[in-house]
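Residue-level structure breakdown
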Amino acid sequence: MCSPEEEALQRLEEVFSATLARINSLVLQPLLETTPEPSDPQVRECLRLVQQLHQSSQRLWEVTEESLYSLRERLGHPDAVGLESLLLLRDADRVLQVHVEYIESYASCVAVQAFQKAAKKRREFWRGQRKVLGQLLSGVSSEASVGTALTQALRQPLAHHVQQYVLLLLSLGDSVTEPHPARELVVHAATLFGNLQSFMRQTLDQALATQALWHSLSSRLRDVLCTPERRLLQDSQDIAVTVTPLRVERVLLFNDALVLLQGHSVHTFDLKLVWVDPGQDGCVFHLLTPEDKLSFCSKNPQDLMVWQWKVTQAVCQALRGKKDFPVLGAALEPSEPPACRCVAYTFRAEGRLCQATYEGEWCQGRPHGRGTLRWPDGRNHVGSFCQGLEHGFGICLVPQASEDKFDCYKCHWREGSMYGYGICEYGTDEVYKGYFWAGLRHGFGVLESAPQAPQPCRYTGHWEKGQRSGYGIEEDSDRGERYIGMWQADQRHGPGVMVTQAGVCYQGTFQADKMVGPGILLSEDDSLYEGTFTRDLTLVGKGKVTFPNGFTLEGSFGSGAGKGLHTQGVLDTAAFPPDPSNTRKRQLGVGVFPVESRWQGVYGPFRDFVSAGCPGDEQEALLGFHVQNSRELRKSQEYLCCERTQPEACAGRMEDVLDELLLHREPRALRECLGKALSSSLHPLGKLLRTLMLTFQATYAGIGANKHLQTLAQEEVKQHARELWAAYRGLLQVALRRKGQAPEEDEDPEARDLQVHGLVLPLMLPSFYSELFTLYLLLHETEDSLYSQGIANLSLFPDTKLLEFLDVQKHLWPLKDLTLTTNQRLSLVRDKCFLSATECLQKIITTVDPREKLEVLERTYGEIEATVSRVLGQEHKLPMDDLLPLLIYVVSRARIQHLGAEIHLIRDMMDPIHTGGLYDFLLTALESCYEHIQKEDMRLHRFPGRWDSREPW
């Protein structure tokens, strides 16, 4: 059954639909029929608003027709169509929204008197239409103006219609009992349209108050402030309030802005960027804005409370981007505005941000969070901010004078200045990667010019307040030189070593970028000069030359134009020839640059990070980030690629790193854990190792690959191993503290050295091995050349003749084929003797770990003894007199290249625990074999008798 209320609703909808149609045809259409493009911009704006109202009215008519159709269906088939099918109930929110749009469009027209201005051109026409308008209205005086009549004609029918909606829906709700499925829908619709009545009254009141305000202001102020969507919420002329520090004459609170009138000045504050800070005593509250802090006070606390409440609600409404429903301050969202917001703002006050536009996150009136700063001169900063200053990671573009040239800074920032790790690509095509402090290069960093630069160079080392200071390496590709040494105030200053591509080396003292005092000069042929010379390595002044053959020349040296080098002095040819091996192995830099202090700029930040408890949010500032390198700088930061991990992920990863260390403290597990850490670029230890690799390559690769730097490099590798172990220990202590466990006691030096040489050095040595082994090759090149010649000569011997030549006891020779235990291969007398031992020794070059090389040597010794035992048919331990000739035979047949370099590297880098033990003995035996083979070329000429290669075996 259908209720009387539903029939009344149908009649109401029919009347309202007809009224809307008449309003459109009798009011809105004529208002729009004026000059197509009025010359007055205000009239054009009014016509736009009327057009918008006309569209809203059309949508309202359409939804009314839909509602009327659903009512007719229900009344025509009450048994088949349920009450919940009514559009007014099932889609009440959509119906409500159409009404709200009409009300807001109408209010905009009222606020700026759009009806009066639009009708002004056809005043006579509207006077003649007064009777027609009267048919749409009730209670309007015939003496009312055309504007008043038009305003009432567009408002009164809607107000009456909504009022009847509410009454009928409430009555319908009373008639529908609780179990009815449509009960909740009816109550919901009645509530919505009851709220719509309140919303309509408040909206129209605000529009009328705004209209009155525009009349009270001067035309200049009206032109500045008046917009159709702006509504007056509070005026200090109605409720008095005082604002400081400005001497304000009038305060106007709109729905989108706070306006302070001060003489001819207008101060406008966007409400989205206004924060309300309540006062402590109730007599004042503060407003925070990007550039000002305003204090509101009043003699009457209640007046101040009204202002504070209205400002707070207006800020909430502005941030939501829509009017509160049903009335201001009664929205469903929280009434307190959020402290953090995302808005754009252009700074006006003088200072570093003047005319800069910030777009991003704010908190309490300051840029805070992610955002972008853009200056009119083209500067851009994209990144994190804290309390108004750049803080955290950011990318900054600074344009240069020349077109399309930018300095690009991808750095960490602290309180507005670069701080921590950063990468800077300059418009000059130079690139700096390293640390900053207070906006200047400070700590460790690498500055490199473009390869195509007129004078390409690269500096790897320490900086202080923007200048090169401390230990650093400079490579001058143009001159073919590398400087290794101390710097001060951007100049070479203090002890230094110069290495040239021609193989000439210098060690001495620099002052203000110039060589001063005596120094040492080593030439390619191992001649030694001690004295003074120029930067071009020209001998000048007093000095002494020691030639490789032991001759010395002491006196004064000089050079004239086109005359070459000339000297006056004493040539001494009576001195004993020096030991060639000592002459060749002179080392530079040893003792001059203490190994502990060379790379403090790398170790120091890591120690500070550990001392601070390894905070995850600082991990990236210390260890750096991955950046896709691009020398061609672009105009926009959109093209600057920077692959980074978010701080939250860094913090989580740091927790995982520390937990991993706690879980793997047993020796075997620790070795695996450290190996995994050092091989990962995302692990703090792995990051530290890669930075150390960078410094090592900068010092000893390329031009720096000089034999006179071998000891310097060897010291450095061992120091890096000690520092990496200390870094691991520091991380472990942090992990223990975080878990509330007692930290481990400090290690004694002996236990520390045991871990450094036995655990860390083998794991990290592969990272430095290529450059380090190259230095060993160069240092021992002459001995290895003699060794290679000896190998070539011994290879001419058949096996049995070689064994005889080496004075191997004949009862130890394999006179018949032997079956080896490995892979059941045969060691053929006519092919190769001691095959298993030879193949075993060849594996010494397949590893870089000194311990593994020594283990290969031990297995080789075992294979030799096993073969001899098979020959003798019993276990046999070889004395040194028997072992050495057999080992020489195996070494000669293994033909290992650069064996001298291998032996010396093993000796220098092996664990001190093996000194005096079996490994030391075996290595000494291998050294003896190496020396014997170097001398075999001389023995061959004294060999008693020749052999015939056709002689039968």
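Residues numbered from 1 in each chain as written. Predicted model: local features only at pLDDT ≥ 70, side-chain atom pairs only at ≥ 80, totals over all residues. Heavy atoms only, no water.

1. Brief notes about the pairing of strand β6 (residues 275-278)
One ladder, built from 4 bridges, connects β6 with strand β7 (residues 284-288); its direction is antiparallel. Looking at β7, one finds that W275 is bridged to L288. The antiparallel hairpin formed by β6 and β7 contains 5 residues in its connecting segment, where G282 sits at a positive phi of about 80 degrees. (Pairing = 2+ DSSP bridges. Helix = DSSP H or I, 4+ residues; strand = E, 2+ residues; numbered from the N terminus.)

2. So, the packing of aromatic side chains
Taken as a whole and assessed by the stated rule, the structure comprises 32 aromatic pairs. Look at Y471 and W599: their rings are 5.1 Å apart centre to centre, the planes differ by 80 degrees, and that puts the pair in the edge-to-face class. Taken together, the residues Y471 in strand β19 (residues 467-476) and W599 in the loop between α12 (580-584) and α13 (600-611) connect sequence positions 128 residues apart. Of the residues examined, Y471 reaches a relative accessible area of 3% and is grouped as buried. The interplanar angle of 40 degrees and the centroid separation of 5.2 Å between the aromatic rings of Y787 and Y930 together place this pair among those described as tilted. One end of the pair, Y787, is in helix α20 (residues 781-794); the other, Y930, is in helix α26 (residues 918-940), and 143 residues separate them in sequence. Pairwise contacts between aromatic rings join Y432, F436, Y459, W463, Y483, W487, Y506 and F510 into one cluster. Positioned above the aromatic ring of W275, the side-chain terminus of R341 is 4.1 Å from the ring centre. (Phe/Tyr/Trp six-rings, centres within 6.5 Å; stacked < 30°, edge-to-face > 60°. Buried < 20%, exposed > 50% of the residue type's maximum accessible area, 1.4 Å probe, protein only. Lys NZ or Arg CZ within 6 Å of the ring centre and 35° of its normal.)

3. Quick notes on helix α11 (residues 301-320)
Helix length check: α11, at 20 residues, gives a terminal C-alpha distance of 29 Å against a target of 28 Å (1.5 Å per residue), a fit within 8%. Taken residue by residue, α11 has L304, W307, V311, T312, Q313, A314, V315, C316, Q317 and A318 as its buried positions. Of the residues flanking the start of α11, the one acting as N-cap is N300, its side-chain oxygen 3.0 Å from the backbone nitrogen of Q302. Two residues or fewer after α11 comes G321, characterised by a positive phi angle close to 80 degrees. (Expected span 1.5 Å × (residues − 1). Polar contact = N/O pair within 3.5 Å; in protein donor to acceptor, adjacent residues only side chain to side chain.)

4. Some remarks on the sheet that holds strand β5 (residues 265-270)
Sheet strands line up and pair through hydrogen bonds in the backbone, either parallel or antiparallel. Overall, antiparallel pairing links the 4 strands, which are arranged β1-β3-β4-β5 in an open sheet. With partners counted over all chains shown, the strands left at the sheet margins are β1 (232-235) and β5, one partner each. Mean inter-strand twist for the sheet, computed between neighbouring axes without regard to direction, equals 20 degrees. Seen against the sheet, helix α9 (residues 183-216) touches β1 and β3 (250-254) and runs at an angle of roughly 60 degrees to β1. (Axes fitted to C-alpha atoms, helices over the stretch in contact; angles between N-to-C directions. Contact = heavy atoms within 4.5 Å.)

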